[in-house]
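Fold and geometry: a report
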Amino acid sequence: MSNFTIGFIGLGNMGGPMAANLAAAGHTVRGNDVAGTTAEGVAEAATIAQAVEGADVVITMLPNGAILRQVAEEAIANMAPGALLVDCSTVDVESARHVAEAAEKAGLLFVDAPVSGGIGGAQGGTLTFMAGGTEAAFKKAEPLFDIMGQKAVHCGDAGAGQAAKICNNMILGATMIATCEAFALADKLGLDRERMFDVVSTSSGYSWSMNAYCPAPGVGPKSPADNDYTPGFAAELMLKDLGLSQQAAEMANADTPMGALARELYTRFVEEEGGKGKDFSAMLPRFEKRGWQG
Ligand code: NAD
């Protein structure tokens, strides 16, 4: 594989280790972050323009769609025609499509490629990428996905990566809530949690939330529940993704009542019930404390 010059914008919890993995694989990486954060093997660029000028590929890993639009505008204005822009942030579908259009107008390739796998996946190079964009853009990005992750799925045109990500996380949020409320009900019915896990994890109620990320401490494989609900995947990040799925549902005129209720419950959990900073599976102790009709 040829070695690329890569501009990397947003060296936070996820972007830092992703950029470091690209540098470790032999690519020349120039990084920029407003907070002045750096990453191992990554040359510091004082401005976005300096990070992206002459780069073959520019990768962004930013907090939200508004920041992405602003950063992309500056990046696109300074990128060479034919270069590739890859956004790995989780943002709204509209922002992904807006940036894709601006990139195309400037003669650039674009892929929206949000990830799943969290900080551990970013550090270990085991992320899953859900990508949207043209075949040519995806093909050019693929070798970089191989370094930063273990799997990349080309989901369709620009925005399809974000669509896949928010649909997946809407299922995850609703399923985690259902799993937690069922454990709390089982407790009150006097059912042993280990037995509950044994049955459900091998019956039709099984899911990733139950089988791989069990919210009950000491039950099933090791999960954040065994570490006092230290994230893992923080409740406020789940809330962000549930907000994006509801925003998309409104835009696309889709009926998503379970997604809407999941967002409502995570909003209360994060804003009023001490869930901020806790893993999203800490919904279980929340339900334990509650009774019929809340
Ligand atoms: P983070 O807040 O740690 O990192 C974001 C970085 O962007 C920060 O370092 C910030 O200083 C920088 N930044 C903000 N505005 C900037 C600008 N104008 N120019 C340059 N840099 C700027 O967040 P994170 O946990 O790394 O998450 C990044 C993205 O990945 C988010 O969209 C998040 O939803 C998504 N994501 C996170 C996880 C996770 O477990 N943390 C998992 C999957 C997806």
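Within any chain, residue numbers begin from 1 and follow the written order of that chain's sequence. Side-chain atom pairs in this predicted model are given and counted only at pLDDT of 80 or more, local residue features only at pLDDT of at least 70, and totals for whole chains, interfaces and linings cover all residues. Here the side-chain values reflect all heavy atoms present in the structure, with hydrogen atoms and water set aside.

Observations concerning the UniProt feature "domain: 3-hydroxyisobutyrate dehydrogenase-like NAD-binding" (unreviewed entry) in the protein chain
- UniProt positions are given in the numbering used here, feature names are shortened, and annotations may be inferred rather than shown by experiment. Using the residue numbers shown here, the UniProt feature "domain: 3-hydroxyisobutyrate dehydrogenase-like NAD-binding" (unreviewed entry) corresponds to residues 159-284.
- Runs of E in the DSSP output that reach at least two residues are strands. Runs of H or I that reach at least four are helices, and both are numbered from the N terminus. Annotated as 61% helix and 0% strand, the span residues 159-284 places its first and last C-alpha atoms 33 Å apart.

Structural notes on helix α8 (residues 193-200)
- Among the residues of α8, Arg193, Met196, Phe197 and Val200 are the ones counted as buried. The buried residues of α8 occupy one face: seen down the axis, they fall within an arc of 95°.
- Where α8 is buried, its residues contact α7 (160-188), α9 (208-211) and α12 (283-288).
- Pairs of N or O atoms are called polar contacts if they sit within 3.5 Å, as long as, within protein, a hydrogen donor faces a hydrogen acceptor (for residues adjacent in sequence, only side-chain-to-side-chain pairs). The residue sitting at the N-terminus of α8 and contributing the capping side-chain oxygen is Asp192; that oxygen lies 3.2 Å from the backbone nitrogen of Glu194. With a 1.4 Å probe rolled over the protein chains alone, any residue whose accessible area is under 20% of its type maximum counts as buried; one over 50% counts as exposed, and the rest are partly exposed. Summarising the geometry, the arc corresponds to the directions from the helix axis toward the C-beta atoms. Contact definition: two residues touch when any of their heavy atoms are within 4.5 Å.

Structural notes on the site of the ligand
- Nearness is defined per residue: one heavy atom within 4 Å of the molecule or strand is enough. Within the structure, the ligand sits among 23 residues, and Asn13, Met14, Asp33, Leu62 and Lys240 are positioned closest to it.
- In this structure, Thr90 approaches the ligand through a main-chain N or O atom, which is 3.0 Å from an oxygen atom.
- Relative to its unbound accessible surface of 840 Å², the ligand loses 84% to contact with the protein.
- Those elements that provide at least two residues to the shell around the ligand are α3 (65-78), α5 (118-124) and α10 (235-252).
- Broken down by class, the residue content of the shell around the ligand amounts to 13 nonpolar, seven polar and three charged.
- In this document the domain limits rely on a domain assignment from an automatic tool or a database. Shared between two domains, the shell around the ligand takes at least three residues from each, and those domains are domain 1 (5-157) and domain 2 (163-289). To measure how exposed things are, a 1.4 Å probe is used in the Shrake-Rupley method; for residues, cover is taken only from the protein chains shown. Side-chain classes follow a simple rule in which Ala, Val, Leu, Ile, Met, Phe, Trp, Tyr, Cys and Pro form the nonpolar group, Asp, Glu, Lys and Arg form the charged group, and the remainder, Gly included, forms the polar group.

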